[in-house]
Amino acid sequence: MQDRKAARVLPDPVGAGLVLLGGYGAAGEGRDGWLWDGVRWVSHVGLPPMEPWMSWYAATYEPATDGILVFGGANVASPQAALNDTWRSTGGAWTQVPV
C-alpha cells in the first residue's frame, strides 16, 4: 500500500479491523480500499474503487444498508473547491445519494 494523506479510516463492520479509503500519495490518487487485520494492511477486494476519487471527506458506516457513506471533501478535478455531495457503497459500485 502506498503512503496516504487525507484518507479516512473507519471500523470494519464485518471484522475486528479497520477500513482505509481514498486519499492521495506519491503514486497519485488512492481510489482503492484497504483492511487492517491487526498485523498488516491487505487490499479490500470487496470494495470497489472510489468513483469519483475524493480526499478530505467525512466517512461513516451505515448499518441500515450495511454500506459506507462519504460526504464532501475535494477531488483532483477541483482540489481547492469543497464538494457537497454524498456517495454510498454497499459492496458494489459507488452511487450518488440524493440529498
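To be clear, the structure that these remarks concern was listed above.
Here, residues in each chain are numbered from 1, in the same order as that chain's written sequence. Reporting of local features is limited, given that this is a predicted model, to residues whose pLDDT is at least 70; pairs of side-chain atoms are given and counted only at 80 or more, and all residues count toward the totals for whole chains, interfaces and linings. Only heavy atoms go into the side-chain values, all of them from the structure, while hydrogens and water stay out.

Visitor: Give a detailed account of the side chain of S89, specifying residues and quantitative values.
Guide: To qualify as a helix, a DSSP run of H or I must reach at least 4 residues; to qualify as a strand, a run of E must reach at least 2; elements of each kind are numbered from the N terminus. Within the secondary structure, S89 sits in strand β9 (residues 86–89). Exposure remark for S89: the relative accessible area of 2% places this residue in the buried category. Setting aside chain neighbours within four positions, we find S89 in contact with L47, P48, G67, I68 and W94. Exposed residues in this analysis have more than 50% of their type's maximum accessible area, buried residues have under 20%, and partly exposed residues fall in between, with area computed by a 1.4 Å probe over protein chains only. The contact criterion used throughout is that any non-hydrogen atoms of two residues lie within 4.5 Å.

Visitor: Quick rundown of unusual backbone geometry? Include the residues and the values.
Guide: Positive phi values are uncommon outside glycine, yet A6 reaches one of about 60°. Here A6 lies in the segment before β1 (8–11). On the basis of relative accessibility, which here comes to 9%, the residue A6 falls in the buried class. Non-glycine residue D66 carries a positive phi angle of around 55°. Accessibility expressed as a relative area gives 45% for D66, which makes it partly exposed.

Visitor: Give a detailed account of the packing of aromatic side chains, specifying residues and quantitative values.
Guide: Stacked, edge-to-face and tilted are the three classes for Phe, Tyr and Trp ring pairs, Trp counted by its six-membered ring, which pair at centre distances within 6.5 Å; planes under 30 degrees apart are stacked, over 60 edge-to-face, the rest tilted. Here the structure, examined in full by the defined rule, presents one aromatic pair. Centroid distance W36 to W41: 5.4 Å. Interplanar angle 55°. Geometry classified as tilted. Put simply, a charge is over a ring when the Lys NZ or the Arg CZ is close to the ring centre, within 6 Å, and near the line of the ring normal, within 35 degrees. Above the plane of the ring of Y57 lies R8, whose end atom (NZ or CZ) is 5.8 Å from the centre.

Visitor: A description of the sheet that holds strand β7 (residues 58–62) should follow, citing residues and the corresponding values.
Guide: Strands pair, by our definition, only if DSSP identifies at least two bridges between them. Across the sheet, four strands lie side by side as β7-β8-β9-β10; this open sheet has antiparallel pairing. The open sheet terminates on both sides in strands that have one partner only, identified here as β7 and β10 (95–97). For this sheet, the mean inter-axis angle between neighbouring strands, taken without regard to orientation, is 30°. For every element, the axis is a line fit to its C-alpha atoms; helices are fit only across the contacting stretch, and the angle between N-to-C directions ranges from 0 to 180 degrees.

Functional significance is not addressed by these values, which are geometric in nature.
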